[in-house]
Amino acid sequence: MSAREAKELGLVNRVVTLNELTAETEGPANQIAEASRVTLAIGKQGFYAQVDQADAAAMHYAKHTITMNLAAEDAQGGIKAFLEKKKPVWKNR
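The structure contained in this document is the topic of the report that follows.

Reading the values: the criteria
- Residues numbered from 1 in each chain as written.
- Predicted model: local features only at pLDDT ≥ 70, side-chain atom pairs only at ≥ 80, totals over all residues.
- Heavy atoms only, no water.
- Helix = DSSP H or I, 4+ residues; strand = E, 2+ residues; numbered from the N terminus.
- Buried < 20%, exposed > 50% of the residue type's maximum accessible area, 1.4 Å probe, protein only.
- Polar contact = N/O pair within 3.5 Å; in protein donor to acceptor, adjacent residues only side chain to side chain.
- Contact = heavy atoms within 4.5 Å.
- Expected span 1.5 Å × (residues − 1).
- Arc of directions from axis to C-beta.

### Details of the side chain of N69
- Checked against the element boundaries, N69 lands in helix α4 (residues 55-71).
- When its relative accessible area of 16% is taken as the criterion, N69 is described as buried.
- Engagement of the side chain of N69 in a polar contact is seen with the backbone oxygen of T39, the distance being 3.2 Å.
- Not counting chain neighbours up to four residues away, the residues in contact with N69 comprise T39, I42, G43 and A75.

### Structural notes on helix α3 (residues 37-50)
- Taking 1.5 Å per residue, 14 residues should reach 20 Å; α3 reaches 20 Å between its end C-alpha atoms and fits that length.
- For α3, the complete set of buried residues consists of T39, G46 and Q50. Around the axis of α3, the buried residues are gathered within 30° of arc, so they sit on the same side. Exposed positions of α3 whose direction lies more than 90 degrees from the buried face are R37, K44, Q45 and Y48.
- At its buried positions, α3 is contacted by α4 and α5 (73-83).
- One side-chain oxygen of the residue at the start of α3 lies 3.3 Å from the amide nitrogen of V38, identifying that residue as S36.

The following block contains the structure:
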């Protein structure tokens, strides 16, 4: 299947040339790298734990994961920084 066909089927969001690939992937990667490591880890663990579950069980597990993530010190600091329009300072806790 070509990249264009994958886009038409909704399997990918966008198609770029090989010359554009590095620039297109570095932006989102850098954004992710700026996030709290602990909240990313909680989210990643939650995703992989529920990926093979039935929908209802996965939703229940996701709610639990979101609640756990919100309890993290970094999540609280991130929410506060967002509301105050400041850059968050991650403690990775």
